[in-house]
Structure formats: structure tokens, C-alpha cells
Amino acid sequence: MRIENARRSVTALSTAAVALVLGISEAWAAAGRPSPWETGMQEMVTELGQSVSDFHTYLLWLITGICLFVLALLLVIIARFNERKNPVPSRTTHHTLLEVAWTIVPVLILVAIAIPSFRLLRQQLVPPQADVVIKATGYSWYWGYEYPADQGGFKFDSNMITDQAALKPDQPRLLGADNAMVVPVGKVVRVQVTSADVIHAFALPSFYIKVDAIPGRLNETWFKAEKEGVYYGQCSELCGNGHPYMPIEIRVVSEQQYAAWLAESKQKYASTDNTAPLKFANAQ
Ligand SMILES: [Cu+2]
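Note that this is a predicted model, so its numbers are computed, not measured.

Caption draft 1: Molecular detail of the sheet that holds strand 2 (residues 142–147). Read across the sheet, five strands follow the order 3-2-1-5-8 without closing on themselves; strand pairing throughout is mixed. Each end of this open sheet is capped by a strand with a single partner; those strands are strand 3 (154–158) and strand 8 (219–223). Neighbour-to-neighbour, the strand axes of this sheet turn through a mean angle of 25°, independent of strand direction.

Caption draft 2: A look at unusual backbone geometry. Here the residue pair S140 and W141 is connected by a cis peptide bond, since its omega of 0° sits within 30 degrees of zero. Among the secondary structure elements, W141 is positioned in the loop between strand 1 (132–139) and strand 2. Backbone geometry places L174, a non-glycine residue, at a positive phi of 70°. Looking at the element boundaries, L174 is found in the loop between strand 3 and strand 4 (181–184). According to the relative accessible area criterion, L174 is partly exposed, its value standing at 28%. The phi angle at Y208 is positive, at roughly 55°, despite the residue not being glycine. If you trace the backbone, Y208 turns up in the loop between strand 6 (200–204) and strand 7 (209–213). Exposure remark for Y208: the relative accessible area of 30% places this residue in the partly exposed category.

Caption draft 3: Region of interest: the coordination of the copper ion. The protein atoms that coordinate the copper ion are C235 (SG), E237 (O), C239 (SG) and H243 (ND1), at distances of 1.9 to 2.5 Å. Geometry at the copper ion is tetrahedral, judged from the four donor atoms that bind it and their angles of 90 to 126° at the metal. All donors of the copper ion come from a single chain, and their spacing in sequence reads C-x1-E-x1-C-x3-H. The burial state of C239 is the same as that of H243; both residues are buried.

Caption draft 4: Highlighting the pairing of strand 1. Judged by how many residues are buried, strand 1 sits mostly within the fold: six of eight residues are covered. In the sheet, strand 1 pairs with strand 5 (residues 189–195) via seven bridges, with the strands oriented parallel. Bridge pairing in strand 5 places G138 opposite S195. Note: strand 1 against strand 2, five bridges, orientation antiparallel. Residue G138 lies in a different strand from strand 2, and its bridge partner there is W143. Where strand 1 hands over to strand 2, the hairpin turn is made up of two residues, counted between the paired strands.

Caption draft 5: Summary view of the environment of Q267. Within the secondary structure, Q267 sits in helix 4 (residues 255–268). For Q267, a relative accessible area of 66% translates into the label exposed. Separated by 113 residues in sequence, Q267 and F154 place their C-alpha atoms 9.0 Å apart.

Caption draft 6: Representation of the environment of D197. Secondary-structure assignment places D197 in the loop between strand 5 and strand 6. Sequence separation between D197 and T137 is 60 residues, and the spatial gap between their C-alpha atoms is 9.5 Å. Within polar-contact distance, the side chain of D197 engages the backbone nitrogen of S140 at 2.9 Å. Of the polar contacts made by the side chain of D197, one reaches the side chain of H200; its length is 2.8 Å.

Caption draft 7: The arrangement of the side chain of S158 in detail. The residue S158 is located in strand 3 in this model. Its relative accessible area of 1% is what places S158 among the buried residues. Engagement of the side chain of S158 in a polar contact is seen with the backbone oxygen of N179, the distance being 2.6 Å. What S158 contacts, discounting residues up to four positions off in sequence, is Y142, W143, Y145, A177, D178 and N179.

Rules of the game
- Residues numbered from 1 in each chain as written.
- Predicted model: local features only at pLDDT ≥ 70, side-chain atom pairs only at ≥ 80, totals over all residues.
- Heavy atoms only, no water.
- Pairing = 2+ DSSP bridges.
- Helix = DSSP H or I, 4+ residues; strand = E, 2+ residues; numbered from the N terminus.
- Axes fitted to C-alpha atoms, helices over the stretch in contact; angles between N-to-C directions.
- Buried < 20%, exposed > 50% of the residue type's maximum accessible area, 1.4 Å probe, protein only.
- Donors = N, O, S within 2.8 Å, 3.2 Å for Na, K, Ca; no water.
- Tetrahedral: all angles 85-135°; square planar, octahedral: opposite > 155°, others 65-115°.
- Polar contact = N/O pair within 3.5 Å; in protein donor to acceptor, adjacent residues only side chain to side chain.
- Contact = heavy atoms within 4.5 Å.

Take it as geometry only, folks, not as evidence of what the structure does.
Spelled out as C-alpha cells, the structure:
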């Protein structure tokens, strides 16, 4: 009886645990941010990101197939060619057909991986004509965004929100920023990335972008977000003790909202002197 009760409570506990986990992941399973128990890539909101995610799935199946095939061969060999069943070992030195096959088949597999892979690399590295260009500068430890003259000509800093109570409902802890980068939906956005001090990296998983921010160099990446929403990334190059606290928040909004935000920001950040020396939040 006691065992039965114990078993019942264990079942109830595990059901509760599963429900809790599912509940949490459901509450968090919004695009553009990590969720608990996530094993795959984040939900992609760019066409390129979706292609990369599909390629990742394709590779996973291919690798699984190869591993199972090798495992099956090993098991067959263990079962059929062990010493007990084969007291007199084979003296075969070569088998032309087999050797041609095990050379050509892997070559074909590599070609089947290389073609979509190089196609994706090209799409990523050769950006289409940009509708909006934004400059992102990494500082120790926050990001600065600059909208050029054709977008209003202003710049502002984007710091992590440290006071939990100040987070908006759609902002997760350690990812919410005080001033987000705002971009229009369905437009090609080119981000020019650099750093003012050490090497940082501008990365946003659901757009499939990651590019190093290197002092003295201007790197670039691009994305075309297909869906309005709030998307999060983080600095992805270990840059110092503030490294985990420099999130990237990008808000993708409609064309009208973007125009309104530009007009508002132009006023709000008008006081920013574009020729001012670089500001260091943690300068000594
Ligand atoms: Cu960093």
C-alpha cells in the first residue's frame, strides 16, 4: 500500500513537473528569445534565417542516417565476423567495386552539403540593396546605435535594464534594453558594426546574424525581418566582466510606426552631439 502511494505521488510530481515545464516554455515560447528546454534553433523571422534553420535540420537528418548506417555495419561485423564464427579469417586485400563506392558516395554526400551551404554563405555575405543603414558600436559594456542623416541623423546608447521592476512585460531579464534599435518590417536593414574599445560581437539568433565588432574596422551584416515583434540578442564575443550585460534589443515595427518613431527620436536624441568623444560607461 505504502509503495502504491509512493508510486502515485511520484507520478503526480512528475506530471506537475512536466506541466510546469510546458507551462513555462509556453509562456516564454515567443519568437526572438530563448526559451527553457529549447534544443533547436530559435524561431527564425528572416527568410535567410529560415533557410539556415532548414539546412540545419537537413544536416541533422543526414548525420543521423550516416551514424545509423555505420552503427548497423559495426553490428553486422560483430555478429557475423567474430572469431567464433570465423575461425579462418578472410585474406581479402582489396575489392575494387567497394573501394570505388566508398570513395564516390562520401564525395556525393559532401557535394550535397556544399552546394546549399555555399549558396547560404553567398546570400549572407552579399547583401541586397539596403533600405535602411544603421551603425552599431560596441562599448564596454553597452551598444550605441546611429541612424544616418537620411533616417534623421541621431544616435543613442542602449543599456541593459538592471532594475527588474523597470522591465516592460515583453522584456525578459538580462535581455531588455532601455533604448531598443527600431527597424521597419519587410525592409532590408544593413547594420554596420564596429567597436570603440575591445572586440564585441553583434548577434541576434532569430535573424541569424552574428558579426564581430572590431575597433578600427567596419564590419557589416544585414537582415530583413518578416514579422513585427521584439527580438533579442547578446554580445557574442567575450569582452570583459560586463559581457553578459550588453543585450541587443531590436523592435520590428510597421512602416508608419517606424516613421513616427524616427520623428520622435529625432527630437529626443537631438541633444546628442555627434562629434562628442566616445563615452565609456565604466571608464576609470
Ligand atoms: Cu561581449
